[in-house]
Amino acid sequence: MDPILHGRTKHIRIWYHFLKELLTKGDVHIEYCKTKNQMVDIFTKPLNRQLLEKNVESVGIEWNVKGGTLRNIESARISVPTTLKYDDSKKCYVYRARLVETEQYWKGWYEGLSEKFLSSPVPKLLLLAGTDRLDRTLTIGQMQGKFQMVVVRHTGHAIQEDAPDEFAALVINFICRNRIGPHGVEIPVLRRPVQPQH
């Protein structure tokens, strides 16, 4: 055995045996990934435009899901690609909405919003991904029973995308229970059958 070559390749042998051990114990599962689905290729080699766009979308989807913005991967596959566009001048993908340009309005959008929400003279429902998103005003209002609050577990920022069925059921239930509208709300799915007149 060549001692110089052995010294340079020793780490390969260690990693090989370490991975083999993990596989044997069932701690790791190796899954084949086709070359066309290798997202890392956008960082390691030049790709044609179509493959580049597909991989960038996949990275954007993964970033949103791992970052907690969205938790529903199927939903992310639909909504995330539409938020990105290719900028030819920068030669990269950018978000369509240029939020930084709206920064001057942020304070006006949110300042006093909790007070306005609580003061509106209608039944109120607040759906949250976690109670850590409540400010002091909303916490006090919730303790005083000024609105119904529901924490939708295991969701990210976009509750309606992460748990669409649960979101819809909660909203429909709230509307029906509070008879919102001039004569209550008639929802086609929940409509009672019409009784024939004699």
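Just above sits the structure.
Residues numbered from 1 in each chain as written. Predicted model: local features only at pLDDT ≥ 70, side-chain atom pairs only at ≥ 80, totals over all residues. Heavy atoms only, no water.

(A) Spatial organisation of the overall build of the protein chain. In terms of regular secondary structure, the protein chain is built from 9 helices and 4 strands. In the protein chain, the succession of helices and strands from N to C terminus is α-α-α-α-β-β-α-α-β-α-β-α-α. Counting every position in the protein chain, which comprises 198 residues, the buried fraction comes to 22%. Counting only carbon and sulfur atoms, one obtains 57% of the accessible surface of the protein chain, whose full area is about 16,000 Å². (Helix = DSSP H or I, 4+ residues; strand = E, 2+ residues; numbered from the N terminus. Buried < 20%, exposed > 50% of the residue type's maximum accessible area, 1.4 Å probe, protein only. Areas by Shrake-Rupley, 256 points an atom, 1.4 Å probe, with all protein chains shown as cover.)

(B) Main features of the pairing of strand 3 (residues 125-128). Alternating positions in strand 3 separate into two faces, L125 and L127 on one and L126 and L128 on the other, with burial throughout. In this structure, strand 3 lies alongside strand 4 (residues 148-151), joined through 4 bridges in parallel fashion. Of the residues in strand 4, the one forming a bridge with L127 is V150. (Pairing = 2+ DSSP bridges.)

(C) Representation of the packing of aromatic side chains in the model. Across all of its chains, the model carries 3 aromatic pairs by this definition. Consider the rings of F117 and F147, whose centres lie 5.5 Å apart with planes at 65°: the pair is edge-to-face. Of this pair, F117 sits in helix 6 (residues 113-119) while F147 sits in the loop between helix 7 (136-143) and strand 4, and the two are 30 residues apart along the sequence. Residue classification places F117 among the partly exposed residues on the basis of a relative accessible area of 24%. (Phe/Tyr/Trp six-rings, centres within 6.5 Å; stacked < 30°, edge-to-face > 60°.)

(D) Representation of helix 5 (residues 103-110). Among the 8 residues in helix 5, 0 count as buried, and that is only a small part of the element. A positive phi of about 80° marks G112, the residue just after helix 5.

(E) Expanded view of the pairing of strand 1 (residues 84-87). Both strand 1 and strand 2 (residues 92-95) contribute to a ladder of 4 bridges, which runs antiparallel. By the bridge assignment, Y86 is partnered in strand 2 with Y93. Counting the residues that bridge the hairpin from strand 1 to strand 2 gives 4 residues, and of these K91 lies at a positive phi of roughly 60°.

(F) Structural detail: helix 7. The backbone nitrogen of T137 lies 3.3 Å from a side-chain oxygen of the residue at the head of helix 7, namely D135. Looking at the residues trailing helix 7, positive phi occurs at G145, about 75°. (Polar contact = N/O pair within 3.5 Å; in protein donor to acceptor, adjacent residues only side chain to side chain.)

(G) View of the pattern of salt bridges. One pass over the full model with this rule turns up 4 salt bridges. One salt-bridge network, held together by shared partners, links E21, K25 and D27. (Salt bridge = Lys/Arg side-chain N within 4 Å of Asp/Glu carboxyl O.)

(H) Molecular detail of unusual backbone geometry. Even without being a glycine, H154 presents a positive backbone phi close to 60°. Tracing the sequence through the fold places H154 in the loop between strand 4 and helix 8 (159-162).

(I) Quick peek at a nonpolar patch on the surface. Residues L99, Y105, W106, W109, Y110 and L113 make up a contiguous nonpolar surface patch of about 690 Å² in total accessible area. Among the elements that take part in the nonpolar patch, helix 5 stands out by supplying 4 residues, more than any other. Judged by relative accessible area, W109 falls into the partly exposed class, the value being 45%. (Patch = residues over 30% accessible without salt bridge, like charges linked within 9 Å, V, L, I, M, F, W, Y side chains within 5 Å.)

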